[in-house]
Amino acid sequence: MSIYKLAATEDAGSKGELNATHPWILPGLENCVGCGATWATTGLQYPCVDLSAVPEQAMYREPRAEPHDALARLTEQLRPWMPPGILLNPGASFGPMTGTARGRFGGFHLPNPWTLCMRKEALEKLSSSGVQGLQGCRINVRYRGTQPPELFELQLELHGSFHRDCLPAEQPPPCERCGREDIPLPDPYILDAATLPTTTDVFRLADWPTLILATQRFVDTVRRLELDGVVFHEVPVR
Ligand SMILES: [Zn+2]
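Conventions and cut-offs
Residues numbered from 1 in each chain as written. Predicted model: local features only at pLDDT ≥ 70, side-chain atom pairs only at ≥ 80, totals over all residues. Domains from an automatic or database assignment. Contact = placed C-beta atoms within 7 Å. Nonpolar A, V, L, I, M, F, W, Y, C, P; charged D, E, K, R; others polar. Pairing = 2+ DSSP bridges. Helix = DSSP H or I, 4+ residues; strand = E, 2+ residues; numbered from the N terminus. Buried ≥ 20, exposed ≤ 12 C-beta atoms within 10 Å, placed from the backbone. Arc of directions from axis to C-beta. Axes fitted to C-alpha atoms, helices over the stretch in contact; angles between N-to-C directions.

Draft legend 1. Region of interest: the domain arrangement of the protein chain. Parsing the protein chain into structural domains produces domain 1 (1–19 + 98–238) and domain 2 (23–94). Put simply, the middle of domain 1 and the middle of domain 2, counted by C-alpha atoms, are 22 Å apart. Taken together, the contacts link 17 residues of domain 1 with 19 residues of domain 2. Its residues placed into classes, the side of domain 1 that touches domain 2 shows 6 nonpolar, 5 polar and 6 charged.

Draft legend 2. Quick peek at the sheet that holds strand β7 (residues 93–94). Read across the sheet, 3 strands follow the order β3-β7-β5 without closing on themselves; strand pairing throughout is mixed. The two strands at the open ends of the sheet, each matched to only one other strand, are β3 (24–25) and β5 (45–46).

Draft legend 3. Region of interest: helix α2 (residues 120–128). Ala-122, Leu-123 and Leu-126 are the residues of α2 that are buried. The buried residues of α2 occupy one face: seen down the axis, they fall within an arc of 100°. Opposite its buried face, α2 presents the exposed residues Glu-121 and Ser-128, each directed more than 90 degrees away. Packed against the buried residues of α2 are β9 (108–112), β10 (115–119), β11 (136–138), β13 (151–154) and α3 (216–225). Residue Gly-130 follows α2 closely and has a positive phi angle near 90°.

Draft legend 4. Up close: the environment of Cys-32. If you trace the backbone, Cys-32 turns up in the loop between β4 (28–29) and β5. Here Cys-32 falls in the buried class, since 20 other C-beta atoms lie within 10 Å of it. Beyond its immediate chain neighbours, meaning those up to four positions away, Cys-32 contacts Ala-37, His-68, Cys-175, Arg-177, Cys-178 and Arg-180.

Draft legend 5. Region of the structure containing the sheet that holds β10. Taking strand neighbours across the sheet as the criterion, the 4 strands line up as β9-β10-β13-β11 in an open arrangement whose pairing is antiparallel. The open sheet has two edge strands with one neighbour each: β9 and β11. Across this sheet, the average inter-strand angle for adjacent strands is 35°, counted without regard to direction. Pairing of β9 with β10 involves 3 bridges; the strand directions are antiparallel. Residue pairing in the sheet places Phe-108 in a bridge with Met-118 of β10.

Draft legend 6. Just the pairing of strand β16 (residues 208–215), in detail. Burial analysis of β16 places 7 of its 8 residues in the buried class, the great majority of the element. Two elements, strand β1 (residues 3–8) and β16, share 3 bridges in a ladder whose sense is antiparallel. Residue pairing across strands places Tyr-4 opposite Ala-214, the latter belonging to β16. Pairing of strand β15 (residues 202–205) with β16 involves 4 bridges; the strand directions are antiparallel. Paired with Arg-204 across the strands is Ile-212, a residue of β16. In this antiparallel pair of consecutive strands, β15 and β16, the connection spans 2 residues.

Take a look at the structure:
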């Protein structure tokens, strides 16, 4: 099984600028009483999960960090509103991105390495070609210029683990209070084949959610359709 990491192209010809954020965010953890860290997980983005019906939604508007007890209350308050498969870690963000856009957009656009956006036409072509796991949410953009692009952010599931061969033999145990693991990204990293998904062709690595990965079918289809704005780097799998 071949797996590829997605990255933005350096091609200046398809350089759109998207400046947009998610409307709601679960705060980070402030000064964990166990490990002392203030932290949030980057890459947990759920644009299709709309919190506008949550009565306390205003409490999730401001990015910030909160102490353990306050964060636990905010987390439990959201849980009944979550569809299956959502990881409610500190820093998880929700709802359709809103902001401004300018320039020319390719079929794909990654405003940062952990956010995957597509033009509507490219997403439709990819969907109708049998690629699995494409859940798009429309981005609300004000566009400077004519012909505003219709942009969607993909909501990606979490799947897959690192293979033990690429992890240090001795790892510090996770914090007993907050569960935080203080390990760097293995270099190079290897994926554990047994943990990879069979029902989706594009996903986030559960062990490292800022990594967006795709299957051979995804890569082959993107190349056949000649969709631009993204490059693929093969990742070792064992
Ligand atoms: Zn901790």
